[in-house]
Each structure stands twice: as structure tokens, then as C-alpha cells.
Amino acid sequence: MLRKIAYGSEPSQHGELHLPSGEGPFPTVVMIHGGWWAAMWDDTAVQPLISDLVGEGCAVWSVEYRRMGEPGAGWPGTFADVARAVDLLAELDAPLDLSRVAVVGHSAGGHLATWTAHRSALPAGVVGADPVVPLVGVVSLAGVLDLVAADRAGLGTELADLDGEPPRGAPGPSGPEYWPVVAAGVGRGMTRFLLGASAAEDPGRYAVASPVEMADGGVPVLAVHGLADEVIPAAFSREYARRHPRAEFVESPGADHFHVIEPDGHAWTVARKWLVDKLS
């Protein structure tokens, strides 16, 4: 069963609720897709994971959010959307077990998923503070967990080339019409485009947006990263786990950026087992 539900008035402020067969209440997974926080990509790449989780008896809330290229995206809009989408679970008329909620994200979605694990530690008044729905765990698959390092490296500048080759295994863009807007703004990297400042210019913003820098939010996190990832360095996930005692880092040998979302692959097999344990 699939329901499309809006959580705001903008086109990307919606999600799709996938329910397994049965009466519930079901353990629930919030799925946050990646794609450089850019409007060219939707949740196509993670659809196999959604199907796998529904087959495991989980409800899956796959959320869209305002992404770069769309009005209102970036800081704080993108973060506000993700927070609102997760909190909306408490209001849905659906057979969901709100004592068993986890969040999963890939790539830029891995960053946003992990950010949700730290929301309870955010200072009052900061976007995302005071979460409504408690989380039992978060899984980051090849997440951009260190925005300071990503900014310094200028990651994502390849999106400025409209004729460039996509990374191996990347899905085609679902919204190619947004590419020129993103290309025009990404000259100093996607992280700076997303946050509107460099880490040196606004360290305070990075302190509440970059999971590596954030205070402990009390939520266990599994950070899985392929050692052959040429898009986002595995060192980002490794450093995140080093700094956060509730986090676990798992290497996926030989896996690139998109191998980690193959439903029969090593990375997802590890992640699924961890999720099932947290949601049981």
C-alpha cells in the first residue's frame, strides 16, 4: 500500500508512505535519498531498499525535501523540511509503531539522516531542535558526515560541468531541468552551496549541521561506507564514529558509492541486520 502525503505547501515537501501487508502497528523506517542535496535526483536509487524493508514487515516513509535548485532549499530550509517530515509521523493516521522508528539515508541523505540523530542536542531555537518522534537508530550509507572536510575539499564541484560523466552506478537525473541552476551555484562546492557559507566563515552553522561536529543526541548510528567510494571519502564516516561513542563504523571492502545501496550487497546486508535488531 502506498500513500503520498504532503507536509508543506512546496512541491518537494511530501513523502510516500509504504505499508506492508497486515494490520500493524509496524516498525517504521524513514528513508532519505541522496544526490548531493540537489533537485536533479529523487528517491529512485533507494527504491530497492524500500521494497526490501517493506518485505521485512516495516513501514517506510520515503521523504522528499527542498533541494538545491529549488526555492527555499539550503540552510535552513532543507534541514527544516527533514525535521518536519520525521516529526509528521506522530500525526499520520496510519498503523505505525512510534516506539520503533529508525532513519536510513544514502550519501547526502546519509548526512541528513545522521543529522536527525543529533536533533535532541541542538540548542533551543536552532532549526531541528526539540524532535517529536524518538529514534531507536540511524543508518548512514556512504554519508557526507563531515561537512567541514567536505567544504575544504570542495566536493561536488563536478556538478558545474553540464556535460560531465556521472559517477559509476549513479542513476540518471529525475529533474534535469534543475541542473543549470545547480551548476551556476556549485563553483565552491556543494557543501558551501547548501549552507551558504564556508566552514571558516560560519563555524557556528557547521557546528549544528555537520554530524562530526554535533553534540551527542543519544541515538545509536551505524555508518557504513565502501572503501572504494570515489565520491565521498570513507574517512568521513570513520572520523564520525571516532568522535561519537554511540556510533559504529563498518567498512564495505571493494564497495563504491552505489554498491552500498544494492539490496543483496555486503553493506545493506549488514545495515539490514542492524536495523532489524534495533526495531525488534
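Each remark here, short or long, concerns the structure printed above.
Parameters at a glance
- Residues numbered from 1 in each chain as written.
- Predicted model: local features only at pLDDT ≥ 70, side-chain atom pairs only at ≥ 80, totals over all residues.
- Heavy atoms only, no water.
- Pairing = 2+ DSSP bridges.
- Helix = DSSP H or I, 4+ residues; strand = E, 2+ residues; numbered from the N terminus.
- Axes fitted to C-alpha atoms, helices over the stretch in contact; angles between N-to-C directions.
- Contact = heavy atoms within 4.5 Å.
- Phe/Tyr/Trp six-rings, centres within 6.5 Å; stacked < 30°, edge-to-face > 60°.
- Buried < 20%, exposed > 50% of the residue type's maximum accessible area, 1.4 Å probe, protein only.
- Arc of directions from axis to C-beta.
- Salt bridge = Lys/Arg side-chain N within 4 Å of Asp/Glu carboxyl O.
- Core = buried A, V, L, I, M, F, W, Y, C linked by side-chain atoms within 4.5 Å.

A. Fine view of the sheet that holds strand S1 (residues 2-6). What the eight strands build is an open sheet, ordered S1-S2-S4-S3-S5-S6-S7-S8; its pairing is mixed. Looking at which strands have only one partner, the edges of the open sheet turn out to be S1 and strand S8 (247-252). Adjacent strand axes in the sheet meet at a mean angle of 20° when their direction is disregarded. Bridge count for strand S3 (residues 26-32) against strand S4 (residues 59-63) is five bridges, and the pairing is parallel. Directly across from Ile32, in S4, lies its bridge partner Val63. Each of S3, strand S5 (96-106), strand S6 (137-141) and strand S7 (221-226) touches helix H3 (residues 108-117); the most contacted strand, S5, lies at about 140° to it.

B. Seen up close, the packing of aromatic side chains. Evaluated as defined, the whole model comprises four aromatic pairs. With a centroid separation of 4.9 Å and 65° between ring planes, the pair formed by Trp75 and Phe79 is classed as edge-to-face. Of the residues examined, Trp75 reaches a relative accessible area of 21% and is grouped as partly exposed. Grouping aromatic residues by their ring pairs yields a cluster made of Trp75, Phe79 and Trp115.

C. Summary view of helix H1 (residues 47-55). Buried within H1 we find Leu49, Ile50 and Leu53. Down the axis of H1, the sector holding all buried residues measures 105°, keeping them to one side. Turned more than 90 degrees off the buried face of H1, the exposed positions are Ser51 and Gly55. Where H1 terminates, the next one or two residues include Gly57, which has phi positive at roughly 90°.

D. The arrangement of the pattern of salt bridges in detail. This model, assessed by the stated rule, comprises 15 salt bridges. Taking the shortest distance from any N to any O, the salt bridge between Arg238 and Glu251 comes out at 3.4 Å. In this pair, Arg238 sits in helix H8 (residues 234-243) while Glu251 sits in strand S8, placing the two residues 13 residues apart along the sequence. Accessibility expressed as a relative area gives 37% for Arg238, which makes it partly exposed. Of the residues examined, Glu251 reaches a relative accessible area of 38% and is grouped as partly exposed.

E. Expanded view of the nonpolar core. Membership of the largest hydrophobic core comes to 70 residues, with the highest contact counts inside it found for Val30, Ile32, Trp36, Trp37, Trp61, Leu159 and Met190. The contacts of Trp61, once residues within four sequence positions are left out, are Ile5, Gly15, Glu16, Leu17, Val29, Val30, Met31, Ala85, Leu88 and Leu89.

F. View of unusual backbone geometry. A cis amide bond links Gly24 with the next residue in sequence, Pro25, at an omega value of 5°. The phi angle at Trp36 is positive, at roughly 60°, despite the residue not being glycine. Inspection of the secondary structure puts Trp36 in the loop between S3 and H1. Phi at Asp130 is positive, roughly 60°, even though this residue is not glycine. Position of Asp130 among the secondary structure elements: in the loop between H3 and S6.

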